[in-house]
Amino acid sequence: MSVSLGISALIFLGIAVRQWLPPMVRIWHIMLAGAIVLLMLGEITPLAAFHAVDWQLIFYLFAVFSIASSLYDTGLSQDIADMLLKRSQSGMVLLWFIVASAICAAVLTNDAAAVIGVPIAIILSRAFRWKLTVVLVALCAAVTVGSMVSPVGNPQNILVVNAANFQNMLATFIVWALVPGVICLVAVFFRFHRLVKKNGSDESALVSQEVETQAEAVEVSRRQWPAMVSALLLVGIITGDSLGRTYFHLGPLPFGWVGLVSCLPIYLAGDERLRVFKEVDWATLIFFVAMFIVTGSLYQSGSLQYLLGSLQNELADLTVTALVSFWASQLFSNVPVVELYLKLLDGGETGTFMMLSTISTVAGNLFIISAASNVIVVQQAEKFGATPFTFWQFCWWMLPITVFCVVVSYGWIYGLTVLGVG
(Lines give C-alpha, C1' and ligand atoms only; values in the text may rest on other atoms or scores of the structure.)
Protein backbone atom coordinates (compact mmCIF):
# COMPACT_ATOMS: atom_id res chain seq x y z
CA MET A 1 0.00 0.00 0.00
CA SER A 2 1.39 3.43 -0.98
CA VAL A 3 1.88 6.22 1.55
CA SER A 4 -0.73 8.35 -0.26
CA LEU A 5 -3.34 5.60 -0.01
CA GLY A 6 -2.49 5.04 3.65
CA ILE A 7 -2.86 8.76 4.47
CA SER A 8 -6.20 8.84 2.61
CA ALA A 9 -7.43 5.91 4.70
CA LEU A 10 -6.30 7.65 7.91
CA ILE A 11 -8.17 10.81 6.89
CA PHE A 12 -11.36 8.78 6.42
CA LEU A 13 -10.81 7.09 9.79
CA GLY A 14 -10.17 10.43 11.49
CA ILE A 15 -13.45 11.86 10.21
CA ALA A 16 -15.30 8.67 11.21
CA VAL A 17 -14.10 8.90 14.83
CA ARG A 18 -14.17 12.70 15.11
CA GLN A 19 -16.95 12.60 17.69
CA TRP A 20 -14.42 11.11 20.14
CA LEU A 21 -11.72 13.68 19.33
CA PRO A 22 -11.39 17.05 21.12
CA PRO A 23 -14.26 19.40 20.14
CA MET A 24 -11.89 21.95 18.60
CA VAL A 25 -10.85 19.42 15.91
CA ARG A 26 -12.86 20.17 12.78
CA ILE A 27 -13.24 18.05 9.64
CA TRP A 28 -11.22 20.51 7.57
CA HIS A 29 -8.41 20.27 10.12
CA ILE A 30 -8.15 16.53 9.46
CA MET A 31 -8.10 16.95 5.66
CA LEU A 32 -5.57 19.80 5.85
CA ALA A 33 -3.34 17.78 8.19
CA GLY A 34 -3.34 14.92 5.67
CA ALA A 35 -2.33 17.24 2.83
CA ILE A 36 0.48 18.78 4.92
CA VAL A 37 1.83 15.33 5.87
CA LEU A 38 1.92 14.29 2.20
CA LEU A 39 3.79 17.49 1.30
CA MET A 40 6.26 17.03 4.15
CA LEU A 41 6.91 13.39 3.19
CA GLY A 42 7.56 14.42 -0.41
CA GLU A 43 4.71 12.32 -1.79
CA ILE A 44 3.73 15.36 -3.85
CA THR A 45 5.80 18.46 -4.60
CA PRO A 46 4.45 21.97 -3.87
CA LEU A 47 4.28 22.70 -7.61
CA ALA A 48 2.42 19.45 -8.32
CA ALA A 49 0.10 20.19 -5.39
CA PHE A 50 -0.68 23.62 -6.85
CA HIS A 51 -1.54 22.10 -10.22
CA ALA A 52 -3.60 19.33 -8.57
CA VAL A 53 -6.06 21.93 -7.27
CA ASP A 54 -8.91 22.78 -9.65
CA TRP A 55 -8.71 26.55 -9.19
CA GLN A 56 -11.64 27.22 -11.53
CA LEU A 57 -13.81 25.21 -9.17
CA ILE A 58 -12.36 26.97 -6.11
CA PHE A 59 -13.09 30.37 -7.69
CA TYR A 60 -16.63 29.29 -8.52
CA LEU A 61 -17.24 28.05 -4.98
CA PHE A 62 -15.82 31.29 -3.56
CA ALA A 63 -18.32 33.18 -5.71
CA VAL A 64 -21.38 31.13 -4.74
CA PHE A 65 -20.36 31.24 -1.08
CA SER A 66 -20.14 35.02 -1.40
CA ILE A 67 -23.59 35.14 -2.99
CA ALA A 68 -25.01 32.77 -0.36
CA SER A 69 -23.49 34.83 2.47
CA SER A 70 -24.84 38.05 0.97
CA LEU A 71 -28.30 36.51 0.51
CA TYR A 72 -28.18 35.37 4.14
CA ASP A 73 -27.39 38.96 5.16
CA THR A 74 -30.57 40.09 3.39
CA GLY A 75 -32.50 37.99 5.90
CA LEU A 76 -33.35 35.33 3.30
CA SER A 77 -33.05 32.38 5.71
CA GLN A 78 -35.24 34.14 8.28
CA ASP A 79 -37.80 35.08 5.60
CA ILE A 80 -38.04 31.49 4.36
CA ALA A 81 -38.38 30.23 7.94
CA ASP A 82 -41.12 32.78 8.63
CA MET A 83 -43.04 31.71 5.51
CA LEU A 84 -42.80 28.06 6.51
CA LEU A 85 -43.86 28.81 10.09
CA LYS A 86 -47.14 30.26 8.79
CA ARG A 87 -48.18 26.70 7.96
CA SER A 88 -49.67 24.88 10.91
CA GLN A 89 -49.16 21.32 9.69
CA SER A 90 -45.64 20.16 10.50
CA GLY A 91 -45.59 17.59 7.68
CA MET A 92 -46.19 20.28 5.06
CA VAL A 93 -43.54 22.48 6.64
CA LEU A 94 -40.98 19.68 6.37
CA LEU A 95 -42.02 19.03 2.76
CA TRP A 96 -41.59 22.66 1.71
CA PHE A 97 -38.31 22.90 3.61
CA ILE A 98 -36.96 19.93 1.66
CA VAL A 99 -38.28 21.28 -1.67
CA ALA A 100 -36.92 24.80 -1.04
CA SER A 101 -33.50 23.39 -0.08
CA ALA A 102 -33.42 21.25 -3.23
CA ILE A 103 -34.31 24.19 -5.50
CA CYS A 104 -31.69 26.38 -3.85
CA ALA A 105 -29.10 23.64 -4.41
CA ALA A 106 -30.01 23.35 -8.09
CA VAL A 107 -29.50 27.09 -8.59
CA LEU A 108 -26.65 27.99 -6.20
CA THR A 109 -24.96 24.57 -5.66
CA ASN A 110 -25.54 22.21 -2.76
CA ASP A 111 -22.72 23.83 -0.80
CA ALA A 112 -24.31 27.29 -0.87
CA ALA A 113 -27.74 25.80 -0.11
CA ALA A 114 -26.25 24.12 2.96
CA VAL A 115 -25.05 27.51 4.25
CA ILE A 116 -28.51 29.07 3.79
CA GLY A 117 -30.41 26.02 5.05
CA VAL A 118 -28.79 25.39 8.45
CA PRO A 119 -30.31 28.42 10.27
CA ILE A 120 -33.71 27.55 8.77
CA ALA A 121 -33.37 23.99 10.10
CA ILE A 122 -32.54 25.34 13.57
CA ILE A 123 -35.51 27.72 13.64
CA LEU A 124 -37.98 25.10 12.39
CA SER A 125 -36.65 22.44 14.77
CA ARG A 126 -37.27 24.61 17.81
CA ALA A 127 -40.68 25.79 16.59
CA PHE A 128 -41.99 22.26 15.96
CA ARG A 129 -39.90 20.52 18.66
CA TRP A 130 -38.10 18.38 16.12
CA LYS A 131 -34.79 16.65 16.82
CA LEU A 132 -32.27 18.98 15.16
CA THR A 133 -29.87 16.23 14.09
CA VAL A 134 -32.62 14.58 12.05
CA VAL A 135 -33.56 17.84 10.33
CA LEU A 136 -29.91 18.61 9.55
CA VAL A 137 -29.47 15.19 7.92
CA ALA A 138 -32.72 15.82 5.99
CA LEU A 139 -31.14 19.07 4.77
CA CYS A 140 -28.05 17.15 3.61
CA ALA A 141 -30.24 14.70 1.68
CA ALA A 142 -32.35 17.48 0.13
CA VAL A 143 -29.44 19.58 -1.13
CA THR A 144 -27.65 16.50 -2.48
CA VAL A 145 -30.67 15.20 -4.40
CA GLY A 146 -31.65 18.70 -5.54
CA SER A 147 -28.16 19.34 -6.87
CA MET A 148 -28.16 16.27 -9.13
CA VAL A 149 -30.71 17.76 -11.55
CA SER A 150 -28.66 20.86 -12.46
CA PRO A 151 -25.36 21.26 -14.35
CA VAL A 152 -24.25 23.74 -11.67
CA GLY A 153 -25.94 22.01 -8.74
CA ASN A 154 -22.67 20.71 -7.32
CA PRO A 155 -18.93 20.83 -8.06
CA GLN A 156 -18.78 17.36 -9.61
CA ASN A 157 -21.51 18.25 -12.11
CA ILE A 158 -19.48 21.31 -13.14
CA LEU A 159 -16.44 19.08 -13.70
CA VAL A 160 -18.50 16.66 -15.81
CA VAL A 161 -20.02 19.47 -17.89
CA ASN A 162 -16.57 20.90 -18.62
CA ALA A 163 -15.22 17.49 -19.64
CA ALA A 164 -18.22 16.30 -21.66
CA ASN A 165 -18.86 19.63 -23.40
CA PHE A 166 -22.60 18.94 -23.77
CA GLN A 167 -24.23 20.85 -26.60
CA ASN A 168 -27.05 21.92 -24.27
CA MET A 169 -26.14 21.22 -20.66
CA LEU A 170 -29.49 22.34 -19.22
CA ALA A 171 -31.52 20.10 -21.54
CA THR A 172 -29.13 17.19 -20.96
CA PHE A 173 -29.63 17.29 -17.19
CA ILE A 174 -33.40 17.70 -17.53
CA VAL A 175 -33.60 14.55 -19.67
CA TRP A 176 -31.11 12.40 -17.77
CA ALA A 177 -31.44 13.53 -14.15
CA LEU A 178 -34.75 15.32 -13.47
CA VAL A 179 -37.01 12.26 -13.20
CA PRO A 180 -34.76 10.26 -10.82
CA GLY A 181 -34.13 13.47 -8.89
CA VAL A 182 -37.83 14.09 -8.28
CA ILE A 183 -38.45 10.45 -7.33
CA CYS A 184 -35.55 10.53 -4.87
CA LEU A 185 -36.76 13.80 -3.36
CA VAL A 186 -40.16 12.24 -2.65
CA ALA A 187 -38.36 9.35 -0.94
CA VAL A 188 -36.32 11.82 1.13
CA PHE A 189 -39.52 13.44 2.41
CA PHE A 190 -41.20 10.19 3.44
CA ARG A 191 -38.01 8.86 5.07
CA PHE A 192 -37.40 11.96 7.19
CA HIS A 193 -41.06 12.63 7.93
CA ARG A 194 -41.06 9.25 9.63
CA LEU A 195 -37.76 9.92 11.43
CA VAL A 196 -38.91 13.34 12.66
CA LYS A 197 -42.08 11.82 14.14
CA LYS A 198 -40.13 8.92 15.66
CA ASN A 199 -37.43 11.09 17.30
CA GLY A 200 -39.49 14.15 18.25
CA SER A 201 -40.06 13.07 21.84
CA ASP A 202 -36.36 13.18 22.79
CA GLU A 203 -36.31 16.31 24.99
CA SER A 204 -32.52 16.29 25.34
CA ALA A 205 -32.09 16.60 21.58
CA LEU A 206 -34.31 19.67 21.13
CA VAL A 207 -32.83 23.02 20.06
CA SER A 208 -31.96 25.38 22.91
CA GLN A 209 -33.07 29.01 23.01
CA GLU A 210 -29.44 30.14 22.77
CA VAL A 211 -28.83 28.23 19.52
CA GLU A 212 -32.05 29.57 17.96
CA THR A 213 -31.12 33.12 18.97
CA GLN A 214 -27.77 32.79 17.21
CA ALA A 215 -29.46 31.41 14.07
CA GLU A 216 -31.91 34.34 14.02
CA ALA A 217 -29.28 36.99 14.82
CA VAL A 218 -28.83 38.48 11.35
CA GLU A 219 -27.61 42.02 10.82
CA VAL A 220 -29.78 42.72 7.78
CA SER A 221 -27.91 44.59 5.07
CA ARG A 222 -29.31 48.04 4.22
CA ARG A 223 -28.53 47.60 0.52
CA GLN A 224 -30.00 44.29 -0.58
CA TRP A 225 -30.13 44.62 -4.36
CA PRO A 226 -26.45 43.63 -5.03
CA ALA A 227 -27.09 40.12 -3.64
CA MET A 228 -30.21 39.72 -5.78
CA VAL A 229 -28.42 41.03 -8.89
CA SER A 230 -25.50 38.65 -8.31
CA ALA A 231 -27.80 35.63 -7.98
CA LEU A 232 -29.73 36.60 -11.13
CA LEU A 233 -26.47 37.31 -12.97
CA LEU A 234 -25.15 33.86 -12.09
CA VAL A 235 -28.31 32.14 -13.36
CA GLY A 236 -28.40 34.38 -16.45
CA ILE A 237 -24.80 33.77 -17.48
CA ILE A 238 -25.09 30.01 -17.02
CA THR A 239 -28.34 29.92 -19.04
CA GLY A 240 -26.74 32.10 -21.72
CA ASP A 241 -23.70 29.82 -21.81
CA SER A 242 -25.95 26.80 -22.41
CA LEU A 243 -27.90 28.58 -25.16
CA GLY A 244 -24.69 29.88 -26.73
CA ARG A 245 -23.32 26.35 -26.99
CA THR A 246 -26.57 25.07 -28.53
CA TYR A 247 -27.50 27.75 -31.05
CA PHE A 248 -24.29 29.64 -31.76
CA HIS A 249 -21.71 26.85 -31.26
CA LEU A 250 -19.76 28.98 -28.81
CA GLY A 251 -17.14 27.44 -26.56
CA PRO A 252 -17.88 26.88 -22.87
CA LEU A 253 -17.22 29.75 -20.49
CA PRO A 254 -14.76 29.06 -17.64
CA PHE A 255 -16.96 28.45 -14.58
CA GLY A 256 -14.51 30.14 -12.24
CA TRP A 257 -14.72 33.41 -14.14
CA VAL A 258 -18.49 33.07 -14.47
CA GLY A 259 -18.72 32.93 -10.68
CA LEU A 260 -16.30 35.80 -10.07
CA VAL A 261 -18.09 38.08 -12.55
CA SER A 262 -21.44 37.19 -10.98
CA CYS A 263 -20.38 38.21 -7.48
CA LEU A 264 -18.90 41.56 -8.59
CA PRO A 265 -22.08 43.54 -7.67
CA ILE A 266 -21.69 42.35 -4.07
CA TYR A 267 -18.08 43.49 -3.76
CA LEU A 268 -18.42 46.68 -5.84
CA ALA A 269 -21.81 47.99 -4.70
CA GLY A 270 -22.68 46.11 -1.50
CA ASP A 271 -22.55 48.02 1.79
CA GLU A 272 -21.37 44.93 3.71
CA ARG A 273 -18.66 43.69 1.34
CA LEU A 274 -16.08 43.19 4.07
CA ARG A 275 -18.50 41.25 6.26
CA VAL A 276 -19.53 39.11 3.29
CA PHE A 277 -15.86 38.40 2.53
CA LYS A 278 -15.22 37.40 6.14
CA GLU A 279 -18.35 35.21 6.23
CA VAL A 280 -17.36 33.22 3.14
CA ASP A 281 -17.01 29.58 4.18
CA TRP A 282 -13.21 29.62 4.13
CA ALA A 283 -13.05 26.37 6.08
CA THR A 284 -14.77 24.53 3.23
CA LEU A 285 -12.56 26.17 0.60
CA ILE A 286 -9.49 25.05 2.56
CA PHE A 287 -11.07 21.58 2.83
CA PHE A 288 -11.43 21.44 -0.97
CA VAL A 289 -7.88 22.67 -1.65
CA ALA A 290 -6.46 20.11 0.80
CA MET A 291 -8.66 17.38 -0.65
CA PHE A 292 -7.41 18.08 -4.19
CA ILE A 293 -3.83 17.84 -2.93
CA VAL A 294 -4.52 14.50 -1.23
CA THR A 295 -6.20 13.02 -4.31
CA GLY A 296 -3.53 14.53 -6.56
CA SER A 297 -0.91 12.71 -4.55
CA LEU A 298 -2.97 9.54 -4.76
CA TYR A 299 -3.26 9.83 -8.55
CA GLN A 300 0.46 10.58 -8.88
CA SER A 301 1.36 7.52 -6.79
CA GLY A 302 -0.43 5.21 -9.23
CA SER A 303 -2.39 3.55 -6.41
CA LEU A 304 -5.75 4.10 -8.06
CA GLN A 305 -4.56 2.72 -11.37
CA TYR A 306 -3.19 -0.35 -9.58
CA LEU A 307 -6.42 -0.91 -7.64
CA LEU A 308 -8.53 -0.57 -10.79
CA GLY A 309 -6.40 -3.09 -12.66
CA SER A 310 -8.13 -4.33 -15.82
CA LEU A 311 -11.20 -2.22 -15.01
CA GLN A 312 -9.27 0.83 -16.19
CA ASN A 313 -10.03 -0.21 -19.77
CA GLU A 314 -13.74 -0.48 -19.02
CA LEU A 315 -14.36 2.87 -17.31
CA ALA A 316 -16.81 3.92 -20.05
CA ASP A 317 -19.09 0.98 -19.19
CA LEU A 318 -22.20 2.16 -17.32
CA THR A 319 -22.09 -0.48 -14.59
CA VAL A 320 -18.36 0.01 -13.99
CA THR A 321 -18.88 3.78 -13.86
CA ALA A 322 -21.66 3.37 -11.29
CA LEU A 323 -19.73 0.94 -9.08
CA VAL A 324 -16.41 2.78 -9.11
CA SER A 325 -17.88 6.27 -8.64
CA PHE A 326 -20.11 5.10 -5.78
CA TRP A 327 -17.55 3.19 -3.73
CA ALA A 328 -14.63 5.52 -4.42
CA SER A 329 -16.76 8.47 -3.25
CA GLN A 330 -17.08 6.86 0.16
CA LEU A 331 -13.33 7.07 0.74
CA PHE A 332 -12.21 10.14 -1.21
CA SER A 333 -15.41 12.28 -1.48
CA ASN A 334 -17.29 12.64 -4.75
CA VAL A 335 -15.63 15.79 -6.15
CA PRO A 336 -12.03 14.51 -6.34
CA VAL A 337 -13.31 11.07 -7.41
CA VAL A 338 -15.05 12.61 -10.42
CA GLU A 339 -11.99 14.64 -11.32
CA LEU A 340 -9.74 11.55 -11.11
CA TYR A 341 -12.25 9.45 -13.03
CA LEU A 342 -12.38 12.02 -15.83
CA LYS A 343 -8.57 11.95 -16.04
CA LEU A 344 -8.60 8.15 -16.40
CA LEU A 345 -11.63 8.02 -18.72
CA ASP A 346 -10.74 7.77 -22.42
CA GLY A 347 -13.81 9.23 -24.12
CA GLY A 348 -17.39 8.32 -23.29
CA GLU A 349 -21.00 8.80 -24.34
CA THR A 350 -23.56 11.06 -22.68
CA GLY A 351 -24.84 8.11 -20.63
CA THR A 352 -21.39 7.50 -19.16
CA PHE A 353 -20.92 11.12 -18.12
CA MET A 354 -24.41 11.36 -16.64
CA MET A 355 -23.98 8.06 -14.78
CA LEU A 356 -20.77 9.43 -13.29
CA SER A 357 -22.52 12.67 -12.35
CA THR A 358 -25.68 11.22 -10.77
CA ILE A 359 -24.19 8.20 -8.98
CA SER A 360 -21.27 10.18 -7.53
CA THR A 361 -23.81 12.76 -6.33
CA VAL A 362 -26.22 10.36 -4.61
CA ALA A 363 -23.19 8.52 -3.22
CA GLY A 364 -22.76 11.63 -1.08
CA ASN A 365 -25.73 10.47 0.97
CA LEU A 366 -23.94 7.58 2.66
CA PHE A 367 -21.06 9.05 4.72
CA ILE A 368 -20.33 12.58 5.92
CA ILE A 369 -17.08 12.73 3.95
CA SER A 370 -18.79 11.52 0.75
CA ALA A 371 -19.96 15.08 -0.08
CA ALA A 372 -18.55 18.43 0.98
CA SER A 373 -22.07 19.79 1.54
CA ASN A 374 -22.40 17.35 4.46
CA VAL A 375 -19.22 18.77 5.95
CA ILE A 376 -20.58 22.31 5.50
CA VAL A 377 -23.80 21.45 7.37
CA VAL A 378 -21.72 20.10 10.28
CA GLN A 379 -19.48 23.19 10.33
CA GLN A 380 -22.39 25.65 10.05
CA ALA A 381 -24.30 23.92 12.86
CA GLU A 382 -21.21 24.13 15.09
CA LYS A 383 -20.84 27.79 14.14
CA PHE A 384 -24.32 28.46 15.61
CA GLY A 385 -23.47 26.51 18.76
CA ALA A 386 -25.56 23.45 17.88
CA THR A 387 -24.45 19.84 18.23
CA PRO A 388 -24.55 18.24 14.76
CA PHE A 389 -25.12 14.60 13.87
CA THR A 390 -22.42 11.99 14.33
CA PHE A 391 -20.78 9.97 11.56
CA TRP A 392 -22.80 6.87 12.43
CA GLN A 393 -26.15 8.67 12.88
CA PHE A 394 -25.73 10.11 9.40
CA CYS A 395 -24.86 6.75 7.88
CA TRP A 396 -27.73 4.88 9.56
CA TRP A 397 -30.43 7.42 8.66
CA MET A 398 -29.16 7.86 5.10
CA LEU A 399 -28.55 4.23 4.16
CA PRO A 400 -32.08 3.45 2.81
CA ILE A 401 -32.15 6.74 0.87
CA THR A 402 -28.74 6.06 -0.64
CA VAL A 403 -29.64 2.55 -1.82
CA PHE A 404 -32.98 3.74 -3.25
CA CYS A 405 -31.47 6.72 -5.09
CA VAL A 406 -28.63 4.65 -6.57
CA VAL A 407 -31.07 2.03 -7.89
CA VAL A 408 -33.46 4.62 -9.35
CA SER A 409 -30.69 6.71 -10.95
CA TYR A 410 -28.89 3.70 -12.38
CA GLY A 411 -32.13 2.23 -13.75
CA TRP A 412 -33.20 5.50 -15.41
CA ILE A 413 -29.86 6.23 -17.08
CA TYR A 414 -29.33 2.62 -18.14
CA GLY A 415 -32.85 2.59 -19.61
CA LEU A 416 -32.29 5.79 -21.59
CA THR A 417 -29.02 4.42 -22.92
CA VAL A 418 -30.68 1.20 -24.08
CA LEU A 419 -33.36 3.27 -25.81
CA GLY A 420 -30.66 5.17 -27.66
CA VAL A 421 -31.31 8.58 -26.06
CA GLY A 422 -28.41 11.04 -26.28
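Residues numbered from 1 in each chain as written. Predicted model: local features only at pLDDT ≥ 70, side-chain atom pairs only at ≥ 80, totals over all residues. Heavy atoms only, no water.

**Some words on unusual backbone geometry**
At Thr-109, a position not held by glycine, the phi torsion is positive, near 80°. Tracing the chain through its elements places Thr-109 in the loop between helix 6 (90–108) and helix 7 (110–128). In the Ramachandran plot, Arg-129 falls in the positive-phi region, its phi being about 55° despite a non-glycine side chain. Inspection of the secondary structure puts Arg-129 in the loop between helix 7 and helix 8 (132–147). (Helix = DSSP H or I, 4+ residues; strand = E, 2+ residues; numbered from the N terminus.)

**Some thoughts on empty space enclosed by the protein**
Scanning the entire structure with this criterion turns up five cavities of 30 Å³ or more. Counted as a void, the second largest cavity has a volume near 50 Å³. Sorting the residues of the lining of the second largest cavity by element identifies helix 1 (3–16), helix 16 (282–301) and helix 18 (318–332) as the ones contributing at least two each. With three residues, the top contributor of residues to the lining of the second largest cavity is helix 16. Taken together, the residues of the lining of the second largest cavity break down into seven nonpolar, two polar and no charged. (1 Å grid on protein atoms, 1.4 Å probe; cavity = no way out; pocket = protein on both sides within 12 Å on 5 of 7 lines; lining within 4 Å. Points joined across faces, edges and corners; volume = space filled by probe spheres on them. Nonpolar A, V, L, I, M, F, W, Y, C, P; charged D, E, K, R; others polar.)

**Notes on a nonpolar patch on the surface**
Among the surface-exposed residues, Ile-174, Val-175, Leu-178, Val-182, Val-186, Phe-190, Leu-419 and Val-421 lie close enough to one another that they form a single nonpolar patch of about 710 Å² accessible area. Looking at the element boundaries, Ile-174 is found in helix 10 (residues 169–199). (Patch = residues over 30% accessible without salt bridge, like charges linked within 9 Å, V, L, I, M, F, W, Y side chains within 5 Å. Areas by Shrake-Rupley, 256 points an atom, 1.4 Å probe, with all protein chains shown as cover. Salt bridge = Lys/Arg side-chain N within 4 Å of Asp/Glu carboxyl O.)

**Regarding the nonpolar core**
Core analysis: the largest hydrophobic core is formed by 143 residues, its most contacted members being Phe-97, Phe-166, Phe-192 and Phe-389. Filtering out sequence-adjacent residues up to four positions away, Phe-97 remains in contact with Leu-84, Gly-117, Ile-120, Ala-121, Leu-124, Val-135 and Leu-139. Judged by nonpolar contacts, the second largest core, of seven residues, contains Leu-5, Leu-304, Ala-328 and Val-337. (Core = buried A, V, L, I, M, F, W, Y, C linked by side-chain atoms within 4.5 Å. Buried < 20%, exposed > 50% of the residue type's maximum accessible area, 1.4 Å probe, protein only. Contact = heavy atoms within 4.5 Å.)

**Digging into the packing of aromatic side chains**
Tallying each qualifying case throughout the model produces 18 aromatic pairs. Ring geometry for Phe-50 and Trp-55: centres 5.3 Å apart, planes at 35°, overall tilted. Judged by centre distance (5.6 Å) and plane angle (25°), the rings of Tyr-410 and Tyr-414 are stacked. Pair noted here: Tyr-410 and Tyr-414 are both in helix 22 (residues 391–418), with a separation of four residues, about one helical turn. For Tyr-410, a relative accessible area of 25% puts it in the partly exposed group. Through a chain of ring-to-ring contacts, the aromatic side chains of Phe-62, Tyr-267, Phe-277 and Trp-282 assemble into a single cluster. Taking NZ or CZ as reference, Lys-343 lies 5.1 Å from the ring centre of Tyr-299, over its face. (Phe/Tyr/Trp six-rings, centres within 6.5 Å; stacked < 30°, edge-to-face > 60°. Lys NZ or Arg CZ within 6 Å of the ring centre and 35° of its normal.)

**Thoughts on helix 8**
Helix length check: helix 8, at 16 residues, gives a terminal C-alpha distance of 22 Å against a target of 22 Å (1.5 Å per residue), a fit within 8%. Burial of helix 8 is extensive: 16 of the 16 residues sit out of reach of the surface. (Expected span 1.5 Å × (residues − 1).)

**Let's talk about helix 21 (residues 372–383)**
With 12 residues, helix 21 extends 16 Å between its outermost C-alpha atoms, agreeing within 8% with the 16 Å of an ideal straight helix rising 1.5 Å per residue. Extensive coverage of helix 21 is indicated by the burial of 11 of its 12 residues. Considered for burial, the residues of helix 21 that qualify are Ala-372, Ser-373, Asn-374, Val-375, Ile-376, Val-377, Val-378, Gln-379, Gln-380, Ala-381 and Glu-382. Buried positions along helix 21 lie against helix 2 (27–40), helix 4 (55–73), helix 7, helix 8, helix 16 and helix 22. Remark: Gly-385 follows helix 21 within two positions and exhibits a positive phi of approximately 85°.

**Describing the pattern of salt bridges**
With the rule as written, the count across this model stands at two salt bridges. Note that Glu-382 is salt-bridged to Arg-26, the shortest N-O span being 3.3 Å. Here Glu-382 is found in helix 21, whereas its partner Arg-26 is found in the loop between helix 1 and helix 2, with 356 residues between them in sequence. Residue classification places Arg-26 among the partly exposed residues on the basis of a relative accessible area of 26%. Note that Arg-275 is salt-bridged to Glu-279, the shortest N-O span being 3.9 Å. Of the two residues, Arg-275 and Glu-279 are both situated in helix 15 (residues 273–279); the distance of four residues between them amounts to about one turn of the helix.

**Comments concerning the confidence of the model for the protein chain**
When pLDDT is averaged along the protein chain, the result is 85; 93% of the residues meet or exceed 70. By mean pLDDT, the top-scoring element of the protein chain is helix 8 (95), and the lowest-scoring one is helix 11 (residues 209–216) (52). (pLDDT = per-residue confidence, 0-100.)

**Digging into the packing of helix 8 against helix 21**
Packing of helix 8 against helix 21 leaves a shortest axis separation of 9 Å and a crossing angle of 145°. Where helix 8 crosses over helix 21, the handedness of that crossing is right-handed. Packed against helix 8, whose contacting residues are Leu-136, Leu-139, Cys-140, Val-143 and Thr-144, the element helix 21 presents Ser-373, Asn-374, Val-377 and Ala-381 at the interface. (Axes fitted to C-alpha atoms, helices over the stretch in contact; angles between N-to-C directions. Left-handed = near helix turned anticlockwise from the far one by under 90°.)

**Quick look at the environment of Val-403**
Structurally, Val-403 is set in helix 22. Taking the C-alpha atoms as reference points, Val-403 and Ala-363, separated by 40 residues in sequence, lie 8.9 Å from one another.

**Digging into the side chain of Ser-409**
Residue position: Ser-409 is located in helix 22. Looking at Ser-409, its side chain comes within polar contact range of the main-chain oxygen of Cys-405, at 2.8 Å. When sequence neighbours within four positions are dropped, the list of residues in contact with Ser-409 reads Met-148, Pro-180, Thr-358, Ile-359 and Val-362. (Polar contact = N/O pair within 3.5 Å; in protein donor to acceptor, adjacent residues only side chain to side chain.)

**Looking at the packing of helix 2 against helix 16**
With their axes 8 Å apart at the nearest point, helix 2 and helix 16 run at an angle of 35° to one another. Between helix 2 and helix 16 the crossing geometry is left-handed. Residues Ile-27, Trp-28, Met-31, Leu-32, Gly-34, Ala-35 and Leu-38 of helix 2 touch helix 16, and the partners they reach there are Ala-283, Ile-286, Phe-287, Ala-290, Met-291, Ile-293, Val-294 and Ser-297. Residue composition of the contact of helix 2 with helix 16, by class: 13 nonpolar, two polar and no charged.

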